[in-house]
Amino acid sequence: MTMRLSRNFTLAEMVATSHPRLQDTPRLAVIQNLQRLCVLVLQPLRDTLGAPVYINSGYRSERLNARVGGVLNSRHLQGKAADIHCDNLDYAKVIFDILKQNPNVDKVLLERKRHSTWVHVQM
């Protein structure tokens, strides 16, 4: 059975990684944070866009965070951050602008590395 965190987001997609051996099962407090992130930030974004929102990275265990070069106090460790995949820079700017208007968002960053573009959002 799939655990829904909001209408369009599941726990499975918020903990997914290409390094499964480095990922732990999140504690209840982290799952609750992920649900708040989905309900207050990601679902409103999806509803505004009228299109799916794809998560590159949600929750990260400490080992996974270290492996991907995350900062020591990353909100990903608490389930309070997500990196949103963007096909191009123009789409990333649209997502960035929508998220900047959300009062539940603490920080939003538009990031690029090589041929990847994503928006980091955190509560």
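Residues numbered from 1 in each chain as written. Predicted model: local features only at pLDDT ≥ 70, side-chain atom pairs only at ≥ 80, totals over all residues. Heavy atoms only, no water.

Chemist: Explain the overall build of the chain to me, using residue names and the numbers behind them.
Modeler: Across its full length, the chain carries four helices and four strands. Moving toward the C terminus, one meets the helices and strands of the chain in the order α-α-β-α-β-α-β-β. Relative to a compact globule of 123 residues, whose C-alpha radius of gyration would be 14 Å, the chain shows 13 Å and is just as compact. Seen along its three principal axes, the alpha-carbon backbone of the chain occupies a region of about 35 × 35 × 25 Å. Looking at the chain as a whole, 41% of its 123 residues are labelled buried. Contacts spanning at least 24 positions in sequence make up 63% of the contacts within the chain whose residues lie at least 6 apart. Taken as a whole, the chain presents about 7,400 Å² of accessible surface, with 50% of it coming from carbon and sulfur. In the chain, the 17 positive side-chain charges and the 10 negative ones have mean positions that sit 4 Å from each other. (Helix = DSSP H or I, 4+ residues; strand = E, 2+ residues; numbered from the N terminus. Rg over C-alpha atoms; globule rule 2.2 N^0.38 Å. Buried < 20%, exposed > 50% of the residue type's maximum accessible area, 1.4 Å probe, protein only. Contact = heavy atoms within 4.5 Å. Areas by Shrake-Rupley, 256 points an atom, 1.4 Å probe, with all protein chains shown as cover. Lys, Arg positive; Asp, Glu negative; His and termini not counted. Charge placed at Lys NZ, Arg CZ, Asp CG, Glu CD.)

Chemist: Pulling in residues and values, what's your account of the pairing of strand 3 (residues 107-113)?
Modeler: Here strand 3 runs beside strand 4 (residues 116-122); their pairing, made up of seven bridges, is antiparallel. Residue K107 lies in a different strand from strand 4, and its bridge partner there is Q122. Counted between consecutive antiparallel strands, the loop separating strand 3 from strand 4 contains two residues, among which R114 sits at a positive phi close to 50 degrees. (Pairing = 2+ DSSP bridges.)

Chemist: Any chance you could break down the pattern of salt bridges for me, citing the residues and the numbers?
Modeler: Per the stated rule, a full pass over the model turns up four salt bridges. Of the charged contacts in the structure, one is a salt bridge between D24 and R63, with a shortest N-O distance of 3.6 Å. With D24 in the loop between helix 1 (11-15) and helix 2 (28-49) and R63 in helix 3 (residues 62-67), this pair connects stretches of sequence that are 39 residues apart. The exposure class assigned to R63 is partly exposed, which follows from its relative accessible area of 47%. R75 is the salt-bridge partner of D106, the closest N and O atoms lying 3.3 Å from each other. With a gap of 31 residues between them, D106 in the loop between helix 4 (89-100) and strand 3 and R75 in the loop between helix 3 and strand 2 (81-86) connect regions that are remote in the sequence. (Salt bridge = Lys/Arg side-chain N within 4 Å of Asp/Glu carboxyl O.)

Chemist: Now, about the nonpolar core: what can you tell me, with residues and values included?
Modeler: If you look at the biggest cluster of nonpolar residues, it comprises 27 residues, and the most contacted ones within it are M14, L42, I84 and L99. Counting residues per element, the ones that place at least two in this core are helix 1, helix 2, strand 2, helix 4 and strand 4. A total of eight residues in this core trace back to one element, the largest contributor, which is helix 2. If near-sequence neighbours (up to four positions away) are discounted, I84 is found in contact with L42, L45, V53, Y54, I55, N56, I95, L99, T117, W118, V119 and V121. (Core = buried A, V, L, I, M, F, W, Y, C linked by side-chain atoms within 4.5 Å.)

Chemist: With reference to specific residues and values, describe the side chain of Q43.
Modeler: The residue Q43 is located in helix 2 in this model. A distance of 2.9 Å separates polar atoms of two side chains, one belonging to Q43 and the other to S6. Reaching out from Q43, the side chain makes a polar contact with the side chain of N8 at a distance of 2.7 Å. For Q43, the residues in contact, after removing those within four places along its chain, are S6, R7, N8, F9 and C38. (Polar contact = N/O pair within 3.5 Å; in protein donor to acceptor, adjacent residues only side chain to side chain.)

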